[in-house]
Amino acid sequence: MNLQLDFSFYSGDLIRNFVLKGLSFSLMLTIVATIGGVLFGTLLALMRLSGRKWLDLPAAIYVNGMRSIPLVMVILWFFLLVPAVIGRPIGAELSAVITFVAFEAAYFSEIMRAGIQSIPRGQVFAGQALGMTYGQNMRLVVLPQALRNMLPVLLTQTIILFQDTSLVYAIGAYDMLKGFEVAGKNYGRPIEAYLAAAVVYFILCYALSWAVKRLHQRIAVIR
Amino acid sequence: MSWDWQVFCEDTMERTPVAGCLGKDGAVTYLDWLLSAWGWTLSVALLALLLALALGLAIGTLRTLPDRPWIVRLGNAWVELFRNIPLLVQIFLWYHVVPALFPALKAVPGFVLVVLALGFFTSARIAEQVRSGIQALPRGQRHAGMALGFSTAQTYRYVLLPMALRIIIPPLTSETMNIFKNSSVAFAVSVAELTMFAMQAQEETSRGIEVYLAVTGLYIVSAFAINRLMAFIERRTRVPGFIAAGPAGGH
């Protein structure tokens, strides 16, 4: 151990210009991918549970395909394919948002599928007995309960998603890690920058997982 | 747009097709490079898996020791530390920060540092599975060991671990598949594995789709092979009548 660490270059301006700029993209990406992923994921889960092969099969291929490819490769694929499909180049940030929504939908769909399957059949029958359509039954009876059952798992997946946003490094999008890295390079202090990045990620993720644990205990007590 | 798989037969230097696709006498085609990249991916993943299994098993077991609150706390801290920092950041820590702190590690190649990073990262997840596997066993198992006059070590060796390790094979299977997928993050410190190959070959040849398809295919083949291997191990080690076999039935 013969290293002089010097964190004095972290000024308010630096944090605003580099770290917070990156963090705001990381958070935006996490939130958009969670909301979009849960929406598309629920749709995929309903397709897989529909009992109709022409709906089930494409959803199963999509979900299992996404889940067997590394996220970095998916990020690279979308960065290559999306501009080719829409015919004009798009920025790394927009490409990252599209990728994460599409990728996380596969993982959220498995969570939602388990959540929907955890609802007793009697609930569905009760809805049907009340004359509800399939849509009403899902929206008013099944999905609210499934979402509630799965809330801790969904939030844990969101924490993993937040960690995974650092992988947009592969296409050079400006997330929090990139912010720390650029700041470290500009001030010639890369080691302190990586250490600070690790500490910030740790504090954020640890606090979030602690909160999820508390929420889990609360929900468990009510039931 | 048309396919051009011929690109894999090209020499990486001359960019001219080579007969038979595999380079001879020091020449390297993209196919050679792809295969060697697959080898790097497999090496990183398998070595990291060995490290993660050894560490995860030890730490997961320590976290269940009775009447050792400090060891349990230390084990919990280990898991929280490696679980709450993104893998890419951990790889940067191993690659940039650790050698600066310990100059003796400066000569260590990036490949080894990535194996350490991925192994430690995964060890936390495996430790968590080992802990929950041991705690899933009925308390009577531990008491039975004590009643037979076993020491704590013997209770773990002969009673608890043999059952717990069988219980955790399914989550361990997905963790093993994860380690193959996570090895792709090694691209960030220029280990010549599949994702690194994909990025560089895409840039050099502009045949991104063919290159990515080949790489994606190899990842899927690797994941499928691991899946089958673990299913085989699960079948061979099953204790008849003890653990529910096969996939859980639907509704």
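For the structure, check the block above.
Bear in mind the structure is a predicted one, so any value in this text is a computation, not a measurement.

1. Structural notes on the overall build of chain A
Helix and strand counts for chain A stand at eight helices and zero strands. Ordering the α and β elements of chain A from the N terminus gives α-α-α-α-α-α-α-α. Oriented by its inertia axes, the alpha-carbon framework of chain A measures out at about 70 × 50 × 30 Å. By residue count, 36% of the 223 residues in chain A fall in the buried class. Sequence-distant contacts in chain A: of pairs separated by 6 or more residues, those separated by 24 or more amount to 74%.

2. A closer look at the interface of chain A and chain B
Each side of the interface is counted separately: chain A has 29 residues, and chain B has 28 residues. In terms of residues, the side of chain A that touches chain B owes the most to one element, helix α8 (residues 190-222) of chain A, which gives 11 residues. When the residues that make up the side of chain A that touches chain B are grouped by side-chain class, the tally is 23 nonpolar, five polar and one charged.

3. A look at the environment of Leu71(A)
Residue and element names in this part refer to chain A. Within the element layout of this structure, Leu-71 appears in helix α3 (residues 71-86). Taking C-alpha positions, Leu-71 is 9.9 Å from Thr-165, a pair spaced 94 residues apart along the chain. In this view, Leu-71 contacts Phe-103, Asp-164 and Leu-167; residues no more than four positions away in its chain are not counted.

4. Examining the packing of helix α1 (residues 12-48) of chain A against helix α2 (residues 53-67) of chain A
Residues and elements named next belong to chain A. α2 packs onto α1 with a crossing angle of 130 degrees between their chain directions and a minimal axis gap of 7 Å. When the axes of α1 and α2 are compared, the pair comes out oblique. Of the two possible hands of crossing, α1 and α2 adopt the one that is left-handed. Within the contact between the two elements, α1 uses Leu-44, Met-47 and Arg-48 and α2 uses Leu-55, Asp-56, Ala-59, Ala-60, Tyr-62 and Val-63. Among the residues making up the contact of α1 with α2, the classes are represented as seven nonpolar, no polar and two charged.

5. Here we look at α3(A)
Look at α3(A): 22 Å from first C-alpha to last across 16 residues, which is about the 22 Å you get at 1.5 Å a residue. Buried-residue contacts for α3(A) involve α2, α4 (92-117) and α6 (134-164) of chain A together with α8 (194-205) and α9 (208-237) of chain B. Just beyond α3(A), the residue with positive phi is Gly87(A), at close to 85 degrees.

How each quantity is defined
Residues numbered from 1 in each chain as written. Chains lettered and ligands numbered in written order. Predicted model: local features only at pLDDT ≥ 70, side-chain atom pairs only at ≥ 80, totals over all residues. Helix = DSSP H or I, 4+ residues; strand = E, 2+ residues; numbered from the N terminus. Buried ≥ 20, exposed ≤ 12 C-beta atoms within 10 Å, placed from the backbone. Contact = placed C-beta atoms within 7 Å. Nonpolar A, V, L, I, M, F, W, Y, C, P; charged D, E, K, R; others polar. Axes fitted to C-alpha atoms, helices over the stretch in contact; angles between N-to-C directions. Parallel < 35°, antiparallel > 145°, perpendicular 65-115°, else oblique. Left-handed = near helix turned anticlockwise from the far one by under 90°. Expected span 1.5 Å × (residues − 1).

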